[in-house]
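# Examination of the molecular architecture
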Amino acid sequence: MTAAETPDETTAVLDTTPADAAVETIHREMTAFARRARASAGRMHPQLSLVSYTLLGHLEERDGRRATDLAAHYALDKSTVSRQVSALQRAGLIERRVDPEDHRVQVLHLTEAGRHVLGQVTESRRAAFRERLAGWPEEDLLRFAAYLERYNAWPGGAPDEERERSALRDTYR
């Protein structure tokens, strides 16, 4: 087999259905999307990795969360979340507070500095997305958003997460 005949990730596998080919395309494009997101995270703010940014965003959305909740929500290993949380705390972007309902539990919250940094990164991210999607009609944007939500909705999600996804789906209809 010559180099020209060597299959690569862009070559469709023979004897596949159109749906199989579509799944392969989805996988390839989502992988490229994830790589681009990781690479751009460092350019948005040198202090924040993509994981750190998403954790801060989740803490802001939920007005605080336990580290174990973050790990479960993002399907991350507890040690990964622990390292991220420690780094964010050392940077002064989050703080631990005792849960008023259960004094044995500590809840993570954004600090004012954390809100400021998150706001800066969020605005940079939005500008980058606006630029990339500038030529898309509104109908395509709404459909794309709904498809991403549909893809990311999984049956094992927590009940409150499913209610949130349902509310967001209603927004895009």
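Residues numbered from 1 in each chain as written. Predicted model: local features only at pLDDT ≥ 70, side-chain atom pairs only at ≥ 80, totals over all residues. Heavy atoms only, no water.

## Side note on the overall build of the protein
Looking only at helices and strands, the protein has 7 helices and 2 strands in total. Order of helices (α) and strands (β) in the protein, N terminus to C terminus: α-α-α-α-β-β-α-α-α. Counting over 173 residues, the protein shows a buried share of 22%. At a minimum sequence separation of 6, the contacts of the protein that also span at least 24 residues come to 47%. Per element, the accessible surface of the protein, about 12,400 Å² overall, is 55% carbon and sulfur. (Helix = DSSP H or I, 4+ residues; strand = E, 2+ residues; numbered from the N terminus. Buried < 20%, exposed > 50% of the residue type's maximum accessible area, 1.4 Å probe, protein only. Contact = heavy atoms within 4.5 Å. Areas by Shrake-Rupley, 256 points an atom, 1.4 Å probe, with all protein chains shown as cover.)

## A word on the nonpolar core
In this structure, Leu48, Leu56 and Ile94 are the most contacted members of the largest nonpolar core, which totals 17 residues. Within the residue set of this core, elements represented by two or more residues are α2 (50–62), α3 (67–74), α4 (78–90), β2 (102–110) and α5 (112–132). Ranked by the residues each element gives to this core, the list is headed by α2, at 4 residues. Non-local contacts of isoleucine 94, meaning those with residues more than four positions away in its chain, are made with Leu56, Leu59, Val85, Leu88, Gln89, Leu108, His109, Leu110 and Thr111. (Core = buried A, V, L, I, M, F, W, Y, C linked by side-chain atoms within 4.5 Å.)

## Quick notes on a nonpolar patch on the surface
On the surface, Ile26, Met30 and Tyr151 cluster together into a nonpolar patch covering about 300 Å² of accessible area. Mapping methionine 30 onto the fold places it in helix α1 (residues 18–44). Taking the relative accessible area as the measure of exposure, methionine 30 reaches 34% and is therefore partly exposed. (Patch = residues over 30% accessible without salt bridge, like charges linked within 9 Å, V, L, I, M, F, W, Y side chains within 5 Å. Salt bridge = Lys/Arg side-chain N within 4 Å of Asp/Glu carboxyl O.)

## What to know about the environment of valine 117
Secondary-structure assignment places valine 117 in helix α5. The buried category is assigned to valine 117, whose relative accessible area is 8%. In this structure the C-alpha to C-alpha distance between valine 117 and histidine 45, which are 72 residues apart in sequence, comes to 8.1 Å.

## Considering α2
Here α2 spans 18 Å end to end across 13 residues, near enough to the 18 Å set by a 1.5 Å rise per residue. Buried within α2 we find Ser52, Tyr53, Leu55, Leu56, Gly57, His58, Leu59 and Arg62. Once α2 finishes, aspartate 63 follows within two positions and takes phi at roughly 55°, a positive value. (Expected span 1.5 Å × (residues − 1).)

## Quick word on the pattern of salt bridges
If you walk through the whole model with that rule in mind, you get 7 salt bridges. Here arginine 97 makes a salt bridge to glutamate 95, at a shortest N to O gap of 2.8 Å.

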